[in-house]
Amino acid sequence: MEKEKSLILAIVVPCYKEEAVLPETHKRLSLLLDKLIHEQQISPKSYILYVNDGSTDQTWPIIKDLHEHTSYACGLNLAGNVGHQNALLAGLNAVKERCDVAISIDADLQDDIHVIPEMIDAYKAGNDIVYGVRKERNTDTFFKRSTALAFYRLMKAMGVKSVYNHADYRLMSQRALQYLCRFRERNLYLRGLVPLVGYQTTSVYYNRDKRFAGESKYPFKKMLNFAIDGITSFSVKPVRMIFWLGCIFILIALCVTAWTLHSYFLHSTVPGWSSLMISIWLVGGVVLISLGIVGEYIGKIYIEVKDRPRYNEEELLLRS
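Residues numbered from 1 in each chain as written. Predicted model: local features only at pLDDT ≥ 70, side-chain atom pairs only at ≥ 80, totals over all residues. Heavy atoms only, no water.

(A) Main features of the side chain of Lys96. Residue position: Lys96 is located in the loop between helix 3 (84-95) and strand 4 (101-104). Of the side chains bearing the opposite charge, Glu97 lies closest to the buried Lys96, which forms no salt bridge; the N-O distance is 4.8 Å. Discounting residues that sit within four places of it in the chain, Lys96 has contacts with Gln174, Leu177, Gln178 and Cys181. (Helix = DSSP H or I, 4+ residues; strand = E, 2+ residues; numbered from the N terminus. Buried < 20%, exposed > 50% of the residue type's maximum accessible area, 1.4 Å probe, protein only. Lys, Arg positive; Asp, Glu negative; His and termini not counted. Salt bridge = Lys/Arg side-chain N within 4 Å of Asp/Glu carboxyl O. Contact = heavy atoms within 4.5 Å.)

(B) Layout of the nonpolar core. In terms of nonpolar packing, the biggest core is built from 38 residues, with Ile11, Val13, Tyr50 and Ile116 touching the most fellow members. Of all hydrophobic cores here, the second largest spans 32 residues; its members include Ala87, Met172, Ala176 and Leu190. (Core = buried A, V, L, I, M, F, W, Y, C linked by side-chain atoms within 4.5 Å.)

(C) The arrangement of the packing of helix 1 (residues 22-38) against helix 2 (residues 59-69) in detail. Orientation of helix 1 relative to helix 2, taken along the N-to-C sense of each, is 35°, at an axis distance of 10 Å. Regarding helix 1 and helix 2, the two cross each other, and that crossing is right-handed. Where helix 1 abuts helix 2, its residues Leu22, Pro23 and His26 lie against Thr59, Ile62, Ile63 and Leu66. (Axes fitted to C-alpha atoms, helices over the stretch in contact; angles between N-to-C directions. Left-handed = near helix turned anticlockwise from the far one by under 90°.)

(D) Structural view of the sheet that holds strand 5 (residues 129-134). Here eight strands make up an open sheet; going across it, the order is 7-5-6-4-1-2-3-8 and the pairing mixed. Here the strands that pair on one side only, and so sit at the sheet edges, are strand 7 (201-206) and strand 8 (313-317). Strand after strand, the sheet turns through a mean of 20° between neighbouring axes, direction not considered. Packing of helix 4 (residues 116-124) onto the sheet brings it into contact with strand 1 (9-15), strand 4, strand 5, strand 6 (166-173) and strand 7, and relative to strand 6 it is tilted by some 45°. (Pairing = 2+ DSSP bridges.)

(E) Up close: the packing of aromatic side chains. Summed over the entire model, instances satisfying the criterion amount to two aromatic pairs. Plain terms: the ring middles of Tyr169 and Tyr206 are 5.4 Å apart, the flat faces sit at 80° to each other, and that makes the pair edge-to-face. Here Tyr169, found in strand 6, pairs with Tyr206, found in strand 7; they are 37 residues apart in sequence, far enough to count as distant. With 5.6 Å between their ring centres and 90° between their planes, Tyr179 and Phe183 make a pair best called edge-to-face. Here Tyr179 falls in the partly exposed class, since its relative accessible area comes to 30%. Across the ring face of Tyr199, the terminal group of Arg175 is positioned such that the distance to the ring centre comes to 3.9 Å. (Phe/Tyr/Trp six-rings, centres within 6.5 Å; stacked < 30°, edge-to-face > 60°. Lys NZ or Arg CZ within 6 Å of the ring centre and 35° of its normal.)

Keep in mind that these numbers describe shape and distance, not what the molecule does.
Below you can see the structure in the form of structure tokens.
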């Protein structure tokens, strides 16, 4: 019966340099909330929380203006840029005691907000987590589409639970939010953490639009770092792969040693500069890659044991 009451919905929108798109984003989300409230799907106390992730443009002044002069708008200003995942978690943590359900969505208007009613219906049907999943990737370049597919397949091979073609567009119940906020990792990969919550889940599907305005905040370098964080935060298989790779090279070395001794005793050895150089470079490269992977894990341990705060809230604006 609890899920039949008028739900307080919080929409959490992480923002980094989104001055070009924020007014339109708020306009569209406000119209959607108006419709849902009119249909008695959600409570009039529902709201939108914009999380400013240390933007250096006019993002925060715009959020403050929206809060003062429009309906639904609330704001959380973080003291410095902490990254998309930390900013999103800061917003979810801020609303977890002030809502029945929360929906996270990016500010660029690429995710289809019109499936939010489907998410709410799925929640009322008994699901604590509802993933927004893209039907296809026609709006992406061939390179981005191919690398995304390779990334999801790699994550699956590494044993990491994730939802294919799902970013950070999802609905979570209050109890799911509260459990998620108990995770203490500094190297956040929410797409891998949320499936660990373990409550009943489902998905809604939508087509993604092109960005309404502004530029993408996830260039190739950030996407690569995000992928590395996702893999190393949830799987130790790369370290195990190094061990087995070392075993393979030891076997190869034994075979090469046997062949060399055989050639030596048959007096058929020929000085081979090329084979020597190839061997040195190959083994040297494997050693450096292995050290790099091990170093990545050691670095994550170093960051985790310091246990520093993930973000600092400078100002929180809520509806009265």
